[in-house]
2 protein chains.
Amino acid sequence: MNYAVLLAGGTGTRLKSSKIPKQFLELGGISVLESVVDKFLVCDKIDKIVIVVNEVWLDHAKSLLVSDKYNNVIICAGGATRQESLYNGLKLIRDKYGISSDDKIVSHDIARPFITLKIIEDNIKALDNSRVADTVIPATDTIVKSENNLFITEIPKRSQMYQGQTPQSFYLSDFIDLYEKLDKEYLDSLTDAARMFVENGYQVALVKGSEFNIKITTDYDFMIAKYLVGIK
Amino acid sequence: MNYAVLLAGGTGTRLKSSKIPKQFLELGGISVLESVVDKFLVCDKIDKIVIVVNEVWLDHAKSLLVSDKYNNVIICAGGATRQESLYNGLKLIRDKYGISSDDKIVSHDIARPFITLKIIEDNIKALDNSRVADTVIPATDTIVKSENNLFITEIPKRSQMYQGQTPQSFYLSDFIDLYEKLDKEYLDSLTDAARMFVENGYQVALVKGSEFNIKITTDYDFMIAKYLVGIK
């Protein structure tokens, strides 16, 4: 089976104008959360959708997804880190449906509401040729590295640099096997799933994202998102 | 003296919707070019402004800047590469005004019309403590490196990664000395001035840019720019 695991664990501390986490803000008449779930619902290659939410917001998330169309959607509580939240969602799948060797996971950040059907399908397709896939766009700005936040250490070749988006996609069994054998402290330090795979010997294929697939982190992003939803 | 060198050499091939280079498109009632020049005019620490334009667009650029307020603005023709265009602008300064050891250059990309007075002033100030300064913001997306455009090679630590913007600022004499002793092929390969300095042993200080200081490259960017100009 193909599962979407939607991560909404954040509490949105970088969005200064709002006390509500960004995933529950309204964008085009519905919450960001609903808008992302609806994008995955139209993909007939996704069998089930699991949403991982910060425990405090569990009831609120449930109250948004009461319509019949959300019958295949399961909501569960996240963990202390992004990686643990993802693992919680995957454990729920394993406990509820078991694991089959061809179970695929498309994990997506709820803060990216402009995900398209094509990007979701391209992620699933990429797993035919690679165990892991990561959605990226070529970096538009020159990327600069600084190890001390004061001076430039290196300016890597721009043609080799990409901005990571989500989805990040992989086989359910690979993630669980890796996660359960790795050191807890190391896992907590990881900011995304692709890194865990890259650093543990997996080949991670690039999937083409989109300029529109922005992540809502700051007030600036949310302002742009409100504009984009109006013109689409 | 402090000079602004504004780079408008591009022909804007990535902006598909327009045959006019982005720097001449209208944004908020005036051209992008004028809008950038006007930002630098309000900075009383900038003594002269040099604009480097693709030769084909020289007359057009001049026709936009006829008002008296542009009396301190000089327009010259660019070269085949970005670095050569910058050098052309600097040579013009040397030939016209001579070189003094404390002449500072704030070089800025015309495609970034949302530059602020604060960013310009911070660039000039940074040159009190460092020979070179580069304007950056912390990377919002995870940065991914791929050497073959197919698979991830590395995911560097996000906390050390920045998106380069402009201005890039430096001492006039440093640039000319370095440029005139370096190999032509190497210079042609450079996509920006900061790289030349970093790769030749200079310490380049980071100056804080802004999320709003976007570069207009694609149609998406221009659409966002039109929106931003309306709300500012």
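Owing to the predicted nature of the structure, the values given are computational and were not obtained by experimental measurement. (Residues numbered from 1 in each chain as written. Chains lettered and ligands numbered in written order. Predicted model: local features only at pLDDT ≥ 70, side-chain atom pairs only at ≥ 80, totals over all residues. Heavy atoms only, no water.)

Considerations on the packing of aromatic side chains
Here is the rule: When the centres of two rings from Phe, Tyr and Trp lie within 6.5 Å, Trp using its six-membered ring, the rings pair. Their planes under 30 degrees apart give stacked, over 60 give edge-to-face, and anything left gives tilted. The secondary structure listing takes helices from DSSP runs of H or I that are at least 4 residues long and strands from runs of E that are at least 2 residues long, numbered from the N terminus. The cut-offs for exposure are 20% and 50% of the maximum accessible area for each residue type, with area from a 1.4 Å probe on protein chains only; residues under the lower value are buried, those over the upper are exposed, and the others partly exposed. Charge-over-ring contacts are defined here by two conditions on Lys NZ or Arg CZ: a distance within 6 Å of the ring centre and an angle within 35 degrees of the ring normal.
With the rule as written, the count across this model stands at 19 aromatic pairs over all chains. Centroid distance F212(A) to Y220(B): 4.8 Å. Interplanar angle 75°. Geometry classified as edge-to-face. Here F212(A), found in the loop between β10 (204-208) and α8 (219-231), pairs with Y220(B), found in helix α8 (residues 219-231), and the two come from separate chains. You can call F212(A) partly exposed: its relative accessible area is 23%. Geometrically, the ring pair formed by F175(B) and Y179(B) is stacked, given 5.8 Å between the ring centres and 15° between the ring planes. Here F175(B) and its partner Y179(B) are both found in helix α5 (residues 172-181), four residues apart, which amounts to about one turn of the helix. We note that F175(B), like Y179(B), is buried. Among the aromatic residues, ring-to-ring pairing joins Y87(A), F170(A), F175(A), Y179(A), F197(A) and Y202(A) into one connected group. R131(A) extends its terminal NZ or CZ atom over the ring of Y171(A), reaching a point 4.0 Å from the ring centre.

What about unusual backbone geometry?
Residues and elements named next belong to chain A. The linkage connecting T166 with the following residue, P167, adopts the cis geometry, with an omega of 10°. Along the polypeptide, P167 turns up in strand β9 (residues 161-171). Even without being glycine, N149 reaches a positive phi, approximately 65°. With respect to the helices and strands, N149 occurs in the loop between β8 (143-145) and β9.

Brief notes about the pattern of salt bridges
For side chains of opposite charge, pairing can occur when their charged atoms come near one another. Applicable threshold: A pair is scored as a salt bridge if a Lys or Arg side-chain nitrogen falls within 4 Å of a carboxyl oxygen belonging to Asp or Glu.
Counted by the stated rule, this structure contains 28 salt bridges over all chains. Here E84(B) makes a salt bridge to K184(B), at a shortest N to O gap of 3.8 Å. Highlighted residues: E84(B) in helix α3 (residues 82-97) and K184(B) in helix α6 (residues 184-189), separated in sequence by 100 residues. According to the relative accessible area criterion, E84(B) is partly exposed, its value standing at 21%. In this structure, a network of salt bridges that share partners links the residues R82(A), D109(A) and K215(A).

Some thoughts on the relation of the copies chain A and chain B
Here is the rule we go by: Superposition of the copies used a least-squares fit over C-alpha atoms from residues whose pLDDT is at least 70 in both. A contact between two residues is defined here by any heavy atoms of the two lying within 4.5 Å.
For these two chains of identical sequence, chain A goes onto chain B by a turn of 180° and a shift of 0.0 Å along the axis, with RMSD 0.0 Å. Overall, the copies show the geometry of a two-fold rotation axis. A share of 100% of the interface residues of chain A reappears at the interface of chain B, consistent with the copies meeting face to face through the same patch.

As for the pairing of strand β7 (residues 132-138) of chain A
Residues and elements named next belong to chain A. Rules: Whether two strands pair comes down to DSSP finding at least two bridges between them.
Most of β7 sits inside the fold, with six of its seven residues counted as buried. Where β7 lies against β9, six bridges are found, and the strand directions are antiparallel. Following the sheet pairing, D134 is matched in β9 by Q168.

Structural notes on the nonpolar core
To be explicit about the condition: What makes a nonpolar core is a set of buried Ala, Val, Leu, Ile, Met, Phe, Trp, Tyr and Cys residues whose side-chain atoms join them at distances within 4.5 Å.
Counting residues in each nonpolar core, the largest one holds 76 residues, and the members touching the most others are F40(A), I51(A), I224(A), F40(B), I51(B) and I224(B). Among all residues touching I51(A), those that are not within four sequence positions of it are L6(A), L33(A), V37(A), L65(A), V73(A), I74(A), I75(A) and C76(A).

So, α3(B)
All names here are of chain B. Where we set the bar: The length a helix should cover is 1.5 Å for every residue beyond the first.
Here α3 spans 23 Å end to end across 16 residues, near enough to the 22 Å set by a 1.5 Å rise per residue. Looking at α3, one finds that the buried residues are Q83, S85, L86, Y87, N88, G89, L90 and I93. The first or second residue beyond α3 is G98, which carries a positive phi of 75°.

A short note on the interface of chain A and chain B
The criterion, for reference: The nonpolar class holds Ala, Val, Leu, Ile, Met, Phe, Trp, Tyr, Cys and Pro. Asp, Glu, Lys and Arg form the charged class, and all remaining residues, Gly among them, are polar.
Listed by partner, the interface residues are 46 residues for chain A and 46 residues for chain B. At the surface where chain A touches chain B, the tally comes to two salt bridges. Among the ionic pairs, R112(B) bridges to D141(A), the shortest N-O distance being 2.9 Å. Of all elements in the fold, only β7, β8, β9, α7 (193-198), β10 and α8 of chain A reach the threshold of two or more residues within the side of chain A that touches chain B. Ranked by residues supplied to the side of chain A that touches chain B, first place goes to α8(A) with seven residues. When its residues are assigned to classes, the side of chain A that touches chain B shows 23 nonpolar, ten polar and 13 charged. Bridging between β8(A) and strand β9 (residues 161-171) of chain B involves three bridges; their strand directions are antiparallel. Opposite V144(A), over in β9(B), you have Y162(B) as the bridge partner.

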